[in-house]
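Structural overview for review
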Amino acid sequence: MTDSPPGQQCIFCLNFFQELTDEHIIPDAIGGSLVIRRVCKDCNSYLGSKVDVHLVSNFLVEIVRFQKGLTGRRKNLKHPLSYGKLVSDPNVGIKWEIGEEAPGKLILDTNVKYYTDENGAQRVAISLDATKEVELPEILEKIAARMLKKGLEMDPASVTPIHRSTENPEVSFTHTINLIGIDQAVLKIVYEIASEELGSDYIQSESSKRLRKFIMNPSANLSDLAELKLRGQMDFLSKFRDIFDFVKSDHLIAIIGQPAKAIYVRIFDFYGALVLIDDDADIGSEHIESTKFVEFDVVVPSHSILNMSQVLSKHLPES
Ligand SMILES: [Zn+2]
């Protein structure tokens, strides 16, 4: 009898599997075309729904996704300002349909409110968009039927329409961003690149163990981030991109040093991270010179791998 082969190790749960799955290092939904096959099915689906989601489904990134037509699995990606509330009456929802002509159309939600007036009479207030006035008889019929069930009669002829218009309606929007979630999603990219570059030695290291734990923690908070003892910088809407600022691409991954000492990740112009992989590594100019760049074009989507001199001649041809 022979032992069956151990199979391949998942870089997150560290269990062995007969088969691993395709994992997009930068999420597919934002055009990341670089794929590794080092993650098991369960970890892959966890990463997609609990980690990547913070990066791809926040309104800043959704604006860019909408502009560039990056729908992801949702065939119909709504623009992130498609639904808000009227400032003058926050009970009224309002849809903003962006069309051919700016600024598009604002359409009020149909709203039915039952109330008792000061004389104790049952009343109904219906508000609807002027473009939907044709729907009013049908709505009234439904309300009358509902009232009848309660033993109340409603005379549709007693309806008094009030037309109101606002010249310049103001709409408010609510958006939530999970900043720790974004850190987890960006560090996932760093971890996957480091594992791909450095292999099992890295996966067994203490720093990788901490990183794994943080990325896979569904309730990670600021003190978990501090415990990570991350060497480097994580930035949001920031300016540290100065090192590789001259590289103009939708996303950028730079692997600094050979073997890798640090990983640099930039997602659109919103998020950036420069993380030292090794607990006691330092980056010198010799490491910067041997940097390997992965530039992403999200619309095609495609990526190209370039060395420092190729990147310089592509982006700084004058020098
Ligand atoms: Zn796994």
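Every chain is numbered on its own, with residues counted from 1 as its sequence reads. Whole-chain, interface and lining totals are the exception, using all residues; otherwise, since this is a predicted model, local features are given only for residues with pLDDT of at least 70 and side-chain atom pairs are given and counted only at 80 or more. No hydrogens and no water enter the side-chain calculation; it runs on all heavy atoms of the structure.

Where an unreviewed UniProt entry is consulted, the protein chain appears under the name HNH endonuclease, with the organism given as Deinococcus terrestris.

1. Some thoughts on the overall build of the protein chain
Helix and strand counts for the protein chain come out as nine helices and 16 strands. Radius of gyration: C-alpha atoms only; globule rule: 2.2 Å multiplied by the number of residues to the exponent 0.38. For 319 residues, the compact-globule formula gives about 20 Å, and the C-alpha radius of gyration of the protein chain, at 27 Å, lies well above that figure. With respect to the principal axes defined by its C-alpha atoms, the protein chain has extents near 85 × 65 × 35 Å. Here the protein chain, with 319 residues, has 38% of them falling under the buried criterion. Should any heavy atoms of two residues lie within 4.5 Å, those residues are considered in contact. A separation threshold of at least 6 residues defines the contact pool for the protein chain, and within that pool the share at least 24 residues apart is 53%. Element-wise, carbon and sulfur atoms account for 51% of the exposed surface of the protein chain, whose accessible area totals about 19100 Å². Here Asp and Glu are counted as negative and Lys and Arg as positive; His is not counted, and neither are the chain ends. Where a charge lies is defined by one atom per residue type, namely NZ (Lys), CZ (Arg), CG (Asp) and CD (Glu). Each charge class in the protein chain was averaged separately, 35 positive and 46 negative side chains, and the resulting centres sit 4 Å apart. Per the convention used, a helix needs a DSSP run of H or I reaching at least four residues, while a strand needs a run of E reaching at least two, with both numbered from the N terminus. Note on exposure labels: buried denotes an accessible area under 20% of the residue type's maximum, exposed denotes more than 50%, and partly exposed covers the range between, all computed with a 1.4 Å probe on protein chains only. For the accessible areas, the method is Shrake-Rupley and the probe is 1.4 Å, while residue cover comes only from the protein chains on display.

2. Regarding the environment of Glu101
Positionally, Glu101 belongs in the loop between strand E6 (89-97) and strand E7 (105-108). Glu101 gets classed as exposed once you look at its relative accessible area, which sits at 67%. Expressed as a C-alpha distance, the spacing of Glu101 and Asn168, which sit 67 residues apart in the sequence, is 17 Å.

3. A few points about the nonpolar core
Counting residues in each nonpolar core, the largest one holds 53 residues, and the members touching the most others are Phe12, Leu55, Ile253, Ile267, Phe268 and Tyr271. No other element matches the ten residues that helix H4 (residues 179-198) contributes to this core. Excluding residues within four positions of it along the chain, Phe12 makes contact with Val39, Cys43, Leu47, Lys188, Tyr191, Glu192, Arg212, Ile215 and Met216. Take the buried residues of types Ala, Val, Leu, Ile, Met, Phe, Trp, Tyr and Cys, join any two whose side-chain atoms come within 4.5 Å, and each joined set is a nonpolar core. Counting residues in each nonpolar core, the second largest holds 15 residues, with Leu252, Leu274, Leu276 and Met308 among its members.

4. Describing the sheet that holds strand E16 (residues 302-307)
The strand order E11-E14-E13-E12-E15-E16 describes an open sheet built from six strands, whose pairing is antiparallel. Edge positions in the sheet fall to strand E11 (232-236) and E16, since each of these pairs with one other strand and no more. Put simply, the sheet's adjacent strands are angled 10 degrees from each other on average, direction ignored. If DSSP finds at least two bridges between two strands, the strands pair. As paired elements, strand E15 (residues 292-297) and E16 share six bridges and run antiparallel to each other. For Glu295, the partnering residue across the bridge sits in E16 and is Ser304. Strands in contact with helix H9 (residues 308-315) are E15 and E16; relative to E16, the strand with the most contacts, it is inclined by about 110 degrees. What counts as an axis is a line fitted to C-alpha atoms, over the stretch in contact for a helix, and the angles between N-to-C directions run from 0 to 180 degrees.

5. Points about helix H3 (residues 136-149)
The span you would expect from a helix comes to 1.5 Å times its residue count less one. Compared with the 20 Å implied by 1.5 Å per residue over 14 residues, the 20 Å span of H3 between its first and last C-alpha is a close match. Among all positions of H3, only Leu136, Ile139, Leu140, Ile143 and Met147 are buried. For H3, the angular spread of the buried residues around the axis is 100 degrees, confining them to a single face. The outward face of H3, more than 90 degrees from its buried face, is lined by the exposed residues Pro137, Glu141, Lys142, Leu148 and Lys149. At its buried positions, H3 is contacted by strand E8 (111-116) and strand E9 (122-127). Think of it as the arc spanned by the lines of direction from the helix axis to the C-beta atoms.

6. Some thoughts on the pattern of salt bridges
Salt bridges are defined as contacts in which a side-chain nitrogen from Lys or Arg sits within 4 Å of a carboxyl oxygen from Asp or Glu. This structure, assessed with the given rule, holds twelve salt bridges. The partner of Lys95 in a salt bridge is Asp109, and the shortest N-O contact between them spans 3.6 Å. Of this pair, Lys95 sits in strand E6 while Asp109 sits in the loop between E7 and E8, and the two are 14 residues apart along the sequence. For Arg123, the salt bridge goes to Asp117, with nearest N and O atoms at 2.8 Å.

7. Considerations on the sheet that holds strand E10 (residues 171-172)
Strand pairing in a sheet relies on backbone hydrogen bonds, with the paired strands running either antiparallel or parallel. The antiparallel open sheet is built from four strands, whose spatial order is E7-E6-E5-E10. Two strands close off the open sheet at either side, each with one partner strand: E7 and E10. Across four bridges, the pairing between strand E5 (residues 83-86) and E6 is antiparallel. By the bridge assignment for E6, Leu86 is matched with Asp89.

8. A closer look at a nonpolar patch on the surface
A cluster of nonpolar side chains, Leu179, Phe236 and Leu237, forms an exposed patch at the surface whose accessible area comes to about 270 Å². With respect to the helices, strands and loops of the structure, Leu237 is situated in the loop between E11 and strand E12 (251-256). Grouping into patches uses exposed residues only, defined as over 30% relative accessible area, and leaves out salt-bridged ones; the cut-off is 9 Å for like charges and 5 Å for nonpolar side chains (Val, Leu, Ile, Met, Phe, Trp, Tyr).

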